[in-house]
Amino acid sequence: MYKFRNYIILVIVSFSFTFITIAQPYSITGKVINATTGAALPFVNIAVNNTAKGTSTDIDGKFTLKHNETITSIKLTYVGYETKIIIISENKSNLVIKLKEKQFQLAEVTIVAGENPAHRIIRNVLANRDLNNPEKQQSFSYTSYNKLICTSKTDTVINAFTDRAKNDTSRIDSAALEMKEVFDSIHLFLMESVTKRKFLQPDKNYEEVVASRVSGFKNPIFTFVGSQLQSFSFYNERFTIFDKNYVNPISNGCTSKYFYQIEDTIYADNNRDTTFIISYHPKSKTNFEGLKGLLYINNFHWAIENATAHPASLQKKDLNVEITIQQKYQLIDGKQWFPVQLNTILSVQLKQFPYPFIFDARGYLNEINLKPEISKKTFNIIEMEIKDSANLQSEIFWNLHRIDSLSKKELKTYHVVDSIGEVMNFDKKLNVIQALMNNKIPWGIIDIEIDKFLKYNEYEKLRLGLGMHTSEKLSDKFTFGGYWGYGFGDKAHKYGGDAAYIFYRPWDLQLKIAYSNDITESGSSQFINEKKSLFDDNYREFFARLFDNTEKSSVAVSFRTLRYLQINLALVKTMKTALYNYEFAIKQDAATLLVNQFNYADLQLSMRYAYKEKFMKVKFRLIPVPNNYPVIWLNYTKGFRNFLDGEYDYQKVEIKIQKSFYSNYLGKTTFTANAGYADNNLPYNLQFGSRAGYNDAYFDIPNSFNTMRFNEFATNRYVSMMFRHSFGFLLYRHNNFKPEVVVLTNALTGSLDNSVSHRYMNLKSPDKIYLESGLCINNLLNLNFYGMGIGVYYRFGAYQLPKVMDNWAFKWTMCLAL
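Cut-off values and rules
Residues numbered from 1 in each chain as written. Predicted model: local features only at pLDDT ≥ 70, side-chain atom pairs only at ≥ 80, totals over all residues. Heavy atoms only, no water. Helix = DSSP H or I, 4+ residues; strand = E, 2+ residues; numbered from the N terminus. Buried < 20%, exposed > 50% of the residue type's maximum accessible area, 1.4 Å probe, protein only. Contact = heavy atoms within 4.5 Å. Areas by Shrake-Rupley, 256 points an atom, 1.4 Å probe, with all protein chains shown as cover. Phe/Tyr/Trp six-rings, centres within 6.5 Å; stacked < 30°, edge-to-face > 60°. Lys NZ or Arg CZ within 6 Å of the ring centre and 35° of its normal. Polar contact = N/O pair within 3.5 Å; in protein donor to acceptor, adjacent residues only side chain to side chain. Salt bridge = Lys/Arg side-chain N within 4 Å of Asp/Glu carboxyl O. Expected span 1.5 Å × (residues − 1). Patch = residues over 30% accessible without salt bridge, like charges linked within 9 Å, V, L, I, M, F, W, Y side chains within 5 Å. Pairing = 2+ DSSP bridges. Axes fitted to C-alpha atoms, helices over the stretch in contact; angles between N-to-C directions.

S.K.: Looking at this structure, I do not really get the overall build of the chain. What am I missing?
M.R.: Of the regular secondary structure elements, the chain holds 10 helices and 45 strands. Across the 818 residues of the chain, 45% fall into the buried class. In the chain, the proportion of contacts linking residues at least 24 apart, taken out of those at least 6 apart, comes to 62%. If you sum the accessible surface of the chain, you get close to 42,300 Å²; carbon and sulfur atoms cover 57% of it.

Listed below in structure tokens is the structure:
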């Protein structure tokens, strides 16, 4: 019996092994690369045994092909590359297959009769867009491993580089070879991170960097770079690459702007799934920010299985720039398609350098949960932050999250660059760069403020000064500092100081005391955390003419509440002295008193409400993430008489609302509305000065009335509207020449009570409607980092000037042109 039992077990085991062996599919594995450059080719179509069935490579060019029959051959097809057939004699692993690029590309095909068959597939994708968009689902969570490599491609040399030095070509070649040896052995930069993300409908998002490693640096700030390179999903109206919006080929109205063509079809072994490979690019004679690439559409839910994208038009002067976006999706739990890999590859070729620089960022998503239990308390205004221990993770932790172990070149990169970074103190230099970007020069525990060095305006003329505050190196809870300045025009000293203490950082709860004796523009106002243009108030103050000497003492409490509301409450004692020919008439019994010095005691409330505003947190600094919701500012001031020497009892309120939105084929529109009211009879410096921008230097001053003269109008109640629409490069572009066309219209109306109280000034108010319109053509001259252009404005309506030419304002413009 014992032998019989053993015999039966042996038979069962043998049968099971035989069955498993028979059922085990034949398989081969390998990688497909570019025959010239060696770069991995993603999403290559691989058909087996002269059929349409097969698979495709992943984003890294790797593939695993399984088939129930003996694999005798595979056929590789890829748009833009020569088809290749390989005979397979037996199961093989780790094949390396090289594909050659075609010497010519086919032109756009015109479908003469009937509908383009690709349009039916695209319409199905559009109909199922919300179903397949991960960010339209109720919730999800995942962990991602991210790697960013900056390296150089050493298999090509620019001819222009050697042409510039024909007299000494051997030296140039030698230098190029030396660089090649270095770049072949190490990368220029290597960064890894592990992040955990949680999402809850409709738009609650939180991402935490739990691990970060950066070659040469201990500061993990570079981690934010890898997370902001491209959109997470390919299903939104616009696809973002490096903060620039492109019209998505899967968006409303896309078939009228994009040309689509079915390039290939893949049939899965299950005889159910079919994948259509569709190429796309903007149609000829269209002009918009478009993409070109390939879409791999699976007929299950008509979802994107893979996608590649390149900006259709991307050229820079003296630069050859190429950007490649790759996304791979996977069906999770048999229900939901979800991104599992996101790649961004940037190639930059400088004419003066022999080798192109390559920035290769890859993100691998895993631990995907489509129905996680997430509490709403998980989310706040912080959308992304770096865990304090992120740069302290062990090698065991990294090995658990890496997709592949680090190569010898990557290990050497860490070793060499870390050593160089320690010797050359990269972290200290990075801190200096960060400080400079925030208008500071770090010096031990002190931050020196750059904007205090040099100023200019019509009253002071040239002003030199110095300002400094303590930095976070001394304390992350409190700071104190001050400034001094001297104007060569008025030959007067200015100075001030302040101290602040943060009680509770999650609420940004801060107490601040300050004192200053300086000059301020009369009739000007300022909102809390108001974002200024680089070419806005930085040179508007050049042309300001009317100033008050202002001695001010204040105690302020600021905090954040209701998630999106910032509040600053201050008690302020101010003495203002007019520095221009002005006196204010005050009636006292039968007499009239003329004064030019004014004492105020105010309670000031400043608020800013930015609905749905989110931030990235870098140590103690919050970096706002742009959104499409309007921002509202409110200032309210209550003046007290006979309190802290205050002489005026009054109320003053001012509000500002700004909203921007983007249209795929029209550009960006911005509306700005302002309104203000001040009661009682008040001096000129408490009135609302109009935001004039007319100047003899022909500067275009954004967010201003560019045909209005400085101090032309004053009001104690007003309403203004500003409309600005930028067509971007949609109207015209030709190679590197990409002018930005902007149209503007501004309007203002208001009134001024008791104008006779203001002596020696011919004040008037825009009781009717002041109107102007303008046209600016920016970026006519592109200097890589900024562009210069021209603008013209015309003043019309009730306040049109008698001389026709006085109503025109001709400007030259400056704007960022990154």
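On we go from here.
S.K.: Got a minute to help me understand the packing of aromatic side chains in this structure?
M.R.: Here the distance between the centres and the angle between the planes together describe a pair of aromatic rings. One pass over the full model with this rule turns up 53 aromatic pairs. Between Y580 and Y582, the ring centres sit 5.8 Å apart and the planes meet at 35 degrees, which makes this aromatic pair tilted. Here the two residues Y580 and Y582 agree in accessibility, since each one is buried. Members of the aromatic cluster, joined through ring pairs, are Y580, Y582, F584, F598, Y600, Y648, Y650 and Y684. Directly above the aromatic system of F232 lies the positively charged group of R197, at a separation of 4.6 Å from the ring centroid. Directly above the aromatic system of F688 lies the positively charged group of K652, at a separation of 4.8 Å from the ring centroid.

S.K.: What is the right way to look at the side chain of N664 in this model?
M.R.: With respect to the helices, strands and loops of the structure, N664 is situated in the loop between β36 (650-663) and β37 (667-678). Looking at N664, the relative accessible area reads 7%, which means it is buried. A distance of 3.5 Å separates polar atoms of two side chains, one belonging to N664 and the other to E237. Side-chain polar atoms of N664 contact the side chain of R238, separated by 3.0 Å. Contact partners of N664, with chain neighbours within four places excluded, come to E237, R238, V247, S251 and L730.

S.K.: Would you take a moment to explain the pattern of salt bridges for this structure?
M.R.: Side-chain pairing between opposite charges can occur once the charged atoms of the two side chains come close. Going through the model one piece at a time under the given rule, you end up with 27 salt bridges. In this structure, the salt-bridge partner of K62 is D404, at a minimum N-O distance of 3.0 Å. Here K62 is found in strand β4 (residues 62-67), whereas its partner D404 is found in the loop between α7 (395-401) and α8 (408-424), with 342 residues between them in sequence. The class of D404 is partly exposed, set by a relative accessible area of 44%. Note that D649 and K638 form a salt bridge whose closest N and O atoms lie 3.4 Å from each other. Of this pair, D649 sits in the loop between β35 (631-639) and β36 while K638 sits in strand β35, and the two are 11 residues apart along the sequence. Bridged by salt links that share partners, the residues E460, R463, D490, K494 and D518 form one connected network.

S.K.: Please explain helix α9 (residues 426-437) as it appears in this structure.
M.R.: Residues lying three or four places apart along an α-helix face the same way, a consequence of the helix completing one turn every 3.6 residues. The terminal C-alpha atoms of α9, which comprises 12 residues, lie 17 Å apart, in line with the 16 Å expected from a rise of 1.5 Å per residue. Of the residues making up α9, those classed as buried are F426, D427, L430 and A435. Packed against the buried residues of α9 are α8 and β21 (440-443). Phi turns positive, to about 70 degrees, at N439, one or two residues after α9.

S.K.: Where do I start with a nonpolar patch on the surface in this structure?
M.R.: Residues V432, L436, I441, F453, L454, Y456, L462, L464, L466, W484, F488 and Y495 make up a contiguous nonpolar surface patch of about 1,000 Å² in total accessible area. Listed by contribution, the elements that provide at least two residues to the nonpolar patch are α9, β23 (454-457) and β24 (461-470). Looking at the nonpolar patch, the element that brings in the most residues is β24, giving 3 residues. Checked against the element boundaries, F453 lands in the loop between β22 (446-449) and β23.

S.K.: Which parts of the structure should I look at to understand the pairing of β21?
M.R.: For a regular strand, side-chain orientation follows a simple rule: the groups alternate between the two sheet faces. When β21 meets β22, the two strands line up antiparallel, connected through 4 bridges. Bridging across to β22, P442 finds its partner in D447. Following β21, the chain reverses through 2 residues before pairing antiparallel with β22; G444 in that reversal takes a positive phi of roughly 65 degrees.

S.K.: Just checking my understanding: could you explain the sheet that holds strand β3 (residues 54-56) for this structure?
M.R.: Within a beta sheet, neighbouring strands are joined by backbone hydrogen bonds and run either parallel or antiparallel to one another. Strand order in the open sheet made by the 4 strands is β3-β2-β5-β6, with antiparallel pairing throughout. In this open sheet, the two strands that pair with only one neighbour each are β3 and β6 (84-87). Adjacent strand axes in the sheet meet at a mean angle of 20 degrees when their direction is disregarded.

S.K.: Mind showing me how you'd approach the sheet that holds β4 here?
M.R.: Across the sheet, which stays open at both edges, the 3 strands sit in the order β4-β1-β7 with mixed pairing between neighbours. In the strand order of this sheet, the two ends are held by β4 and β7 (95-99), each with one partner. This sheet shows a mean twist of 35 degrees between the axes of neighbouring strands, independent of strand direction. Bridge count between strand β1 (residues 26-34) and β4: 6 bridges; the pairing is antiparallel. Paired with K31 across the strands is K62, a residue of β4.

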